[in-house]
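# Structural overview
Listed below, chain by chain, are the residues.
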Amino acid sequence: MLHIFCPHCGELRSEEEFHCAGQAHIARPLDPASCTDPEWGEYIFFRDNPRGIHHELWDHVAGCRQYFNATRDTVTYEILETYKIGEKPQVAAGKQPSMQLTKTGQEEKV
Amino acid sequence: MSQTYRLSSGGRIDRSKVLNFTFNGKTYQGYEGDSLAAALLANGVDIVGRSFKYSRPRGIIAAGAEEPNAILQIGATEATQVPNVRATQQALYSGLVATSTNGWPNVNNDVMGIIGKVGGSMMPPGFYYKTFMYPKSFWMTYEKYIRKAAGLGRAPLQNDPDTYDYMNQHCDVLVVGAGPAGLAAALAAGRSGARVILADEQEEFGGSLLDSRETLDGKPAADWVASVVAELESLPEVTLLPRATVNGYHDHNFLTIHERLTDHLGDHAPLGQVRQRIHRVRAKRVVLAPGAHERPLVYGNNDVPGNMVAGAVSTYVRRYGVAPGRKLVLSTNNDHAYRTALDWHDAGLQVIAIADARHNPRGSLVEEARAKGIRILTSSAVLESRGTKHVTAARVAAIDIAAHKVSSPGEWLECDLVATSGGYSPVVHLASHLGGRPVWREDILGFVPGDAPQKRVCVGGINGVYPLGDALADGFEGGVRAASEAGFKATTGTLPKTVARKEEATVALFQVPHDKSTNRAPKQFVDQQNDVTAAGIELATREGFESVEHVKRYTALGFGTDQGKLGNINGLAIAARSMGITIPQMGTTMFRPNYTPITFGAVAGRHCGHLFEPVRFTALHAWHVKKGAEFEDVGQWKRPWYFPKAGEDIHAAVARECKAVRDSVGLLDASTLGKIDIQGPDAREFLNRVYTNAWTKLDVGKARYGLMCKEDGMVFDDGVTACVGDNHFIMTTTTGGAARVLQWLELYHQTEWPDMKVFFTSVTDHWATLTLSGPNSRKLLSEVTDIDLDKDAFPFMTWKEGLVAGVPARVFRISFTGELSYEVNIQANYGMGVLEKIVEAGKQYNLTPYGTETMHVLRAEKGFIIVGQDTDGSMTPDDLNMSWCVGRNKPFSWIGLRGMNREDCVRENRKQLVGLKPVDPTKWLPEGAQLVFDPKQPIPMDMVGHVTSSYAANSLGYSFAMGVVKGGLKRMGERVYSPQVDGSVIEAEIVSAVFFDPKGERQNV
Amino acid sequence: MSVINVYQQNPSADVKAESPLHHADLASLIGKGRQNAGVTLREKKFLGHLTLRGDGHDPAFASGVHKALGLELPVALTVVARGDTSLQWIGPDEYLLIVPGGQELEVEQKLRAALEGQHIQVVNMSGGQTLLELRGPKVREVLMKSTSYDVHPNNFPVGKAVGTVFAKSQLVIRRTSEDTWELVIRRSFSDYWWLWLQDASAEYGLSIEA
């Protein structure tokens, strides 16, 4: 049972309040008509399955009903940060999390 | 006569409170404070079960969770049966009924025993993989036989009368285990003001201190336990959970605790009390203080009843006042086990000898035994025991550990109890549930927890810290650390004084050498619960199973409820030695939740019976019940399925309901449809993007049907949306799709188009929706409304506001039956009142309530789809022959457009939705039935589609269906065939899906 | 017709009305529970429930709301109240307004007037929701049996309000005083909650109040 910091509620909440909506940062092509079939197929079907750092889209369905992003280590299941839609992750693959992460609250309150 | 093995004094039992219980049908007596195992031993019960594979008689070996043999069936009645209860963990209560789970026909005289004794080789290790994998068809036969004989317990046949539940806990510090280290940790953390939970699996707190020879501050250790418990009880933020096993360590410091609140009180819980509870704990810090399990030595016939783990003997003597024998032989490789001999001696019982594997042990406890005149044989061990149903003698000989050889013939010592100690194994189970690899420590000859990302502190025995004073200090320090890491200021405190002792190092001995090779020596059991022998492990490595995980699976070592508590390290050591590698090279297997078995009742909690799943009801539900409706589950909703009259079956009722709607007027509760209130200047454009059709020109006052697709172009929901204001729409969704459609709208709004000014709010529950459908619906409605229902004033696909039965209503003129229909929406509090007035007014029109079945039939007659029934996530609007509902020229590339233009979505010969008319009008095509073009084709036939909806009872007078057929829309008039299970073939004509009123005249009057 | 459709949804005449827990006939259970029950339940029925949407970070929105209701916009996870009117934060752009029954239209019109020109939504939810009030020394235990949210006073002071999972569905928990809590529940789930709360409070005793 993961413990996830909702960046809108400002609290850690239990996983059961959330719904994971898959990989984050999959932007809808601005001009779908100009996409080839393979490009469109890439957009709708193909997702990363990394060992390690992964950015995910979550929805706080039982709480504030807001979508947000989480950076999760798929090996340890640690959530390194959560951040609002439109914000950039501070942790990326191959980059160690920095101390400033505490401001996201995921680490702050355990 | 009774309790022959009960000591006259001592122990934490109350001899004035006699408790009767039965075991395998025979009545015995024990005392309050006994465990069931203690009471059985007190009565001289040797055999508690038969072994899993070889069916050898087995007795009690241990005194706690690690017990592998005394796994019993408990329960005085059929409804209260509980399988897999360890007698060592079950408190005795008056009226307890226990039976062995293995041993058929009974434990003392067992059919399998003969096979087991005659030839253990009939079932070599790896029997799952070797013997029973092939031929596959035999497995069922084998399994039935093995399960019955092996005895895995049985589930009750009646409903459990007890209540179980969950409790969600949050704490700063969870302390696992209330032995010396755990108590000290809880004290340190508790004094800081932190929210502390202390959980321990035993009947009372104290752990090893409850049967310890040690003193604390010069007083018995149990006195200190009592004072600590009293202090902890006085701290308001400390929660004490005895009889509570911390069973799982899950992600992000989420732990599950199985608490048995009333299992010690009786066969079922006292009235109004919860029997067992799962605590779901989120802890800021966890202090793991589960201690260590003593390892038995592995030697010949070590499973004959009367062979026990040394520490368990001390527990029975000192805690329960029970001596499980008269004449003890102790075999050890360490100092600590000497206390067993001393306890035995102090109780006035005879210690025949101590066999110590070490050359020249000189520790304090050793000298104490020597001073008492106990015979000590050094460089020696018990090689094997003798006895059929109980130990009668043990053979002790000198051994050469380094060469793994016996160095003297030894002697047979007459005895009735063999106690052994091979050192201690830290209980690393919880520490490794999340994958943390334990690390071997040669100095303590055991695995300790490795590094892990969890916010936890390990203290005491789990760290290999065994001396009492050290364990207390380690625990206290761990408690201070956990509390301060959780944000509390922990204070220092003084710990009680312990007696310092000189201790001689333990020597590494796991399997005792025998003069015969392992596979020829008497069986040397490693894991008694799974009947794994040293020879079996050697065989596994010989056959090339070299990874520890493979050895485990080949032999079943540490499987199931055992989780390797006693046998794991011994098994690893034997495998390592047989491969010529070290234990750390071998590594250890991983442990999984649960640490000990948990009842299904506790898993289910309150989520059973009528609380199994939430059930949703409409505001009109009570009326449906009164009218005798049968209900159908649609998502979580209960919807009326049909309303049978006396003597009617579903077919008769549906036929009557269909006729009433087509001839006069019917009433449907449509309140379950999802309803979303959409407001904002960009609401209309948003609809353009999420629906396949165009919304730009929908005027206020009008309503329109819309289809929704995902980006892949496949239909996923549909419904009617009404424009109630220029920037204000009411969207309806399918009953089952309401929540996911709303989430999907929010997803696009929040992530893709956050600048669009639009809000979505669910109003599903706010409205009660009554649908009046049929040619007389206008006449009926006119009697209860002030709305002008004239067909020009209130045409099809528009809506009006007005009073219905005196209540403000929004009335939508839309139709799902093909008949003149009105959907009346009122604030749900007033739904029932309005319904009653409409029903009263409807009497003269034979107003007939109808359910979902009739609704399905009538819509299918019109060829209207039901998303999820006629679609399956692989159908585009074109496949459904609904191209009329696709606005290909809308300026924005709406969701689904690009997807449905993919090559595969526009190819010829896709499966398309058509009507199917059985050539024989009395034949009914089963829903889901496959369709072929050529019924004479040999199997495998080319399947060209399947039936999606099919109705025998309807208003048409003949059976009809809808289905998908490859290229079906171009095959009108052609035949398809549906081969049935019984060998018959139903022939059907492909026709238009619109069977009734194809021009739509009836809904538009 | 205007841009937004706003109308009186309540009847003017005295018409039969049934609250979501009508079928449970709570009135007949008053006084029948255990003496000194650990939990006392009542349905606060027929109140006006409105969802208010708007940008919670926009000062103009906050001042408009204040003008209409006399209430400060609540910060995350709180509920503010004045008399019988309460306003609760649900999300960064969503609030739950509860007013005495019958005032729904009037308060919606006031809000719309005060927030004129802003992008907002006001939706009457009064038929779809109800409030259950739980009072007594054992309410916290009943809540702990039901939700994974931490209801310890350190984490859940008076005035806090959270949407969360409860048993197998979702609702809103509000703490209105030391030993009084409210559950905001959806109409269609009301029977499930009623059955659940009876079961979960059985060991402490449950009494019903009007």
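When its secondary structure is counted, chain B shows 24 helices and 52 strands. Each principal axis of the C-alpha atoms in chain B carries an extent, and together these give about 115 × 70 × 55 Å. For chain B, the residues scored as buried account for 57% of the 1005 residues in total. Across chain B, every contact between residues at least 6 apart in sequence was considered, and the portion connecting residues at least 24 apart equals 67%.

Tallying secondary structure elements over chain A gives 1 helix and 6 strands in all. Within chain A, the fraction of its 110 residues that count as buried is 35%. For chain A, long-range pairs separated by at least 24 residues make up 51% of all intrachain contacts whose partners lie at least 6 apart in sequence.

Residue and element names in this part refer to chain B. Taken together, 6 strands build an open sheet; the order of strands is β43-β44-β45-β42-β36-β46 and the sheet is mixed. The sheet terminates laterally at β43 (799-804) and β46 (848-849), the two strands that pair on one side only. Two elements, strand β36 (residues 666-669) and β46, share 2 bridges in a ladder whose sense is parallel. Residue pairing across strands places glycine 666 opposite threonine 848, the latter belonging to β46.

The partner chain A presents 11 residues to the 10 residues of chain C that form the contact. Taken together, the elements giving at least two residues each to the side of chain C that touches chain A come down to β4 (85-91) and β8 (161-166) of chain C. Ranked by residues supplied to the side of chain C that touches chain A, first place goes to β8 of chain C with 3 residues. A breakdown of the residues in the side of chain C that touches chain A according to their chemical character gives 5 nonpolar, 5 polar and no charged.

What follows deals with unusual backbone geometry. Note that the residue after proline 593 of chain B, namely asparagine 594 of chain B, is joined by a cis bond; omega there is 0 degrees. Summarising the element assignment, asparagine 594 of chain B is placed in the loop between α14 (583-586) and α15 (600-604). Residue proline 940 of chain B follows isoleucine 939 of chain B across a cis peptide bond; omega there is 0 degrees. Its place among the elements puts proline 940 of chain B in the loop between β48 (930-932) and β49 (943-951). Look at tyrosine 77 of chain A: it is not a glycine, yet its phi comes out positive at around 65 degrees. Topologically, tyrosine 77 of chain A is positioned in the loop between β5 (67-73) and β6 (79-84).

Think of interface size as the accessible area that goes away when the parts come together; that is how it is often given. At the junction of the two partners, chain C supplies 49 residues and chain B supplies 50 residues. Elements with a contribution of two residues or more to the side of chain C that touches chain B: β2 (48-53), β6 (121-124), α3 (139-146) and α4 (190-200) of chain C. Examining the composition of the side of chain C that touches chain B, we find that 6 residues originate from one element, α4 of chain C, more than from any other. When the residues that make up the side of chain C that touches chain B are grouped by side-chain class, the tally is 18 nonpolar, 20 polar and 11 charged.

Once that is clear, we can look at the confidence of the model for chain B. Residues and elements named next belong to chain B. Residues at a pLDDT of 70 or more form 95% of chain B, whose mean pLDDT is 93. Note that residues 111-122 has pLDDT below 50 and, in this model, 14 contacts with residues that lie over four places away or in other chains. Two numbers describe this predicted complex: its pTM, 0.93, and its ipTM, 0.98.

Moving on, we come to the packing of helix α17 (residues 650-663) of chain B against helix α22 (residues 852-861) of chain B. To characterise two packed helices, one gives the angle between the axes of the helices and the distance between these axes. All names here are of chain B. It is at 9 Å that the axes of α17 and α22 come closest, and there the two elements cross at 60 degrees. Classified by the interaxial angle, the pair formed by α17 and α22 is oblique. Judged by the twist between their axes, the crossing of α17 over α22 is right-handed. Residue-level inspection shows Ile650, Val654, Glu657, Cys658 and Val661 of α17 in contact with α22, the latter providing Glu853, Thr854, Val857 and Leu858. Looking at the contact of α17 with α22 residue by residue, the classes come out as 6 nonpolar, 1 polar and 2 charged.

Let us now look at the environment of glycine 957 of chain B. Inspection of the secondary structure puts glycine 957 of chain B in the loop between β49 and β50 (960-966). For the pair glycine 957 of chain B and proline 921 of chain B, spaced 36 residues apart in sequence, the C-alpha separation works out to 8.3 Å.

Residue and element names in this part refer to chain B. Looking at where isoleucine 444 falls in the secondary structure, it is placed in the loop between β29 (439-441) and β30 (446-448). Residue classification places isoleucine 444 among the buried positions, given that 20 C-beta atoms sit within 10 Å. When the C-alpha positions of isoleucine 444 and glutamate 823 are compared, they lie 78 Å apart, and in sequence the two are 379 residues distant.

Residue and element names in this part refer to chain B. Taking burial as the measure, the 7 residues of strand β42 (residues 767-773) include 7 buried ones, the bulk of the element. In terms of strand pairing, β36 meets β42 through 4 bridges, oriented antiparallel. Each residue of the ladder has a partner; that of glycine 666, found in β42, is serine 773. The pairing of β42 with strand β45 (residues 821-827) spans 7 bridges and is antiparallel. Following the sheet pairing, threonine 769 is matched in β45 by asparagine 825.

Moving on, we get to the pairing of strand β47 (residues 911-918) of chain B. The side chains of a regular strand alternate between the sheet's two faces. Residues and elements named next belong to chain B. Among the 8 residues of β47, 6 are classified as buried, and the element is accordingly described as predominantly covered. Taken together, the 6 bridges between β47 and β50 define a ladder with antiparallel strand orientation. Across the sheet, the residue bridging to valine 914 is glycine 963, located in β50. Looking at chain direction, β47 and strand β52 (residues 985-991) are connected through 4 bridges and run antiparallel. If you follow proline 918 over to β52, its bridge partner there is alanine 988.

Here we take up the sheet that holds strand β20 (residues 327-332) of chain B. All names here are of chain B. Spatial strand order, β19-β27-β20-β21-β22: 5 strands in an open sheet with parallel pairing. Single-partner strands in this sheet number two, and they are β19 (307-309) and β22 (376-377). Bridge count between strand β21 (residues 350-356) and β22: 2 bridges; the pairing is parallel. Bridging across to β22, isoleucine 354 finds its partner in isoleucine 376. Docked against the sheet, helix α7 (residues 338-346) engages β20, β21 and β27 (417-421), running at close to 170 degrees with respect to β21.

So, about helix α5 (residues 221-234) of chain B. Residues and elements named next belong to chain B. Taking 1.5 Å of rise per residue, 14 residues should cover 20 Å, and α5 covers 21 Å from first to last C-alpha, within 8% of that figure. Within α5, burial applies to Ala221, Trp224, Val225, Val228, Val229 and Leu232. What you see down the axis of α5 is that its buried residues fit within an arc of 135 degrees, all on one side. With respect to the buried face of α5, the exposed residues turned more than 90 degrees away are Ala230, Glu233 and Ser234. Here the buried face of α5 lies against α4 (180-191), β11 (196-199), β12 (215-216), β13 (219-220) and β14 (238-241).

One full turn of an α-helix is made of 3.6 residues, so residues set three or four places apart face in the same direction. Residues and elements named next belong to chain B. Listed as buried for helix α18 (residues 683-690) are Ala683, Phe686, Leu687, Arg689 and Val690. With its buried residues spanning 160 degrees around the axis, α18 presents them on a single face. Summarising the contacts, the buried residues of α18 are in contact with β37 (674-679), β38 (703-709), β39 (715-725), β40 (728-733) and α19 (738-752).

Let's shift gears to the environment of glycine 91 of chain C. Within the secondary structure layout, glycine 91 of chain C lies in strand β4. The class for glycine 91 of chain C is partly exposed, based on 18 C-beta atoms found within 10 Å. Taking the C-alpha atoms as reference points, glycine 91 of chain C and valine 107 of chain C, separated by 16 residues in sequence, lie 21 Å from one another. Dropping the residues within four chain positions of it, glycine 91 of chain C is found in contact with His8, Cys64, Arg65 and Gln66 of chain A.

All names here are of chain B. Direction vectors running N to C along α7 and helix α8 (residues 364-371) enclose 30 degrees, while the axes themselves pass 9 Å from each other. Once α7 is placed against α8, the crossing between them reads as left-handed. Mapping the contact onto sequence places Tyr338, Arg339, Ala341 and Leu342 in α7 and Leu365, Val366, Glu368 and Ala369 in α8. Here the contact of α7 with α8 is built from residues that sort into 6 nonpolar, no polar and 2 charged.

What counts, and at which threshold
- Residues numbered from 1 in each chain as written.
- Chains lettered and ligands numbered in written order.
- Predicted model: local features only at pLDDT ≥ 70, side-chain atom pairs only at ≥ 80, totals over all residues.
- Helix = DSSP H or I, 4+ residues; strand = E, 2+ residues; numbered from the N terminus.
- Buried ≥ 20, exposed ≤ 12 C-beta atoms within 10 Å, placed from the backbone.
- Contact = placed C-beta atoms within 7 Å.
- Pairing = 2+ DSSP bridges.
- Nonpolar A, V, L, I, M, F, W, Y, C, P; charged D, E, K, R; others polar.
- pLDDT = per-residue confidence, 0-100.
- Axes fitted to C-alpha atoms, helices over the stretch in contact; angles between N-to-C directions.
- Parallel < 35°, antiparallel > 145°, perpendicular 65-115°, else oblique.
- Left-handed = near helix turned anticlockwise from the far one by under 90°.
- Expected span 1.5 Å × (residues − 1).
- Arc of directions from axis to C-beta.

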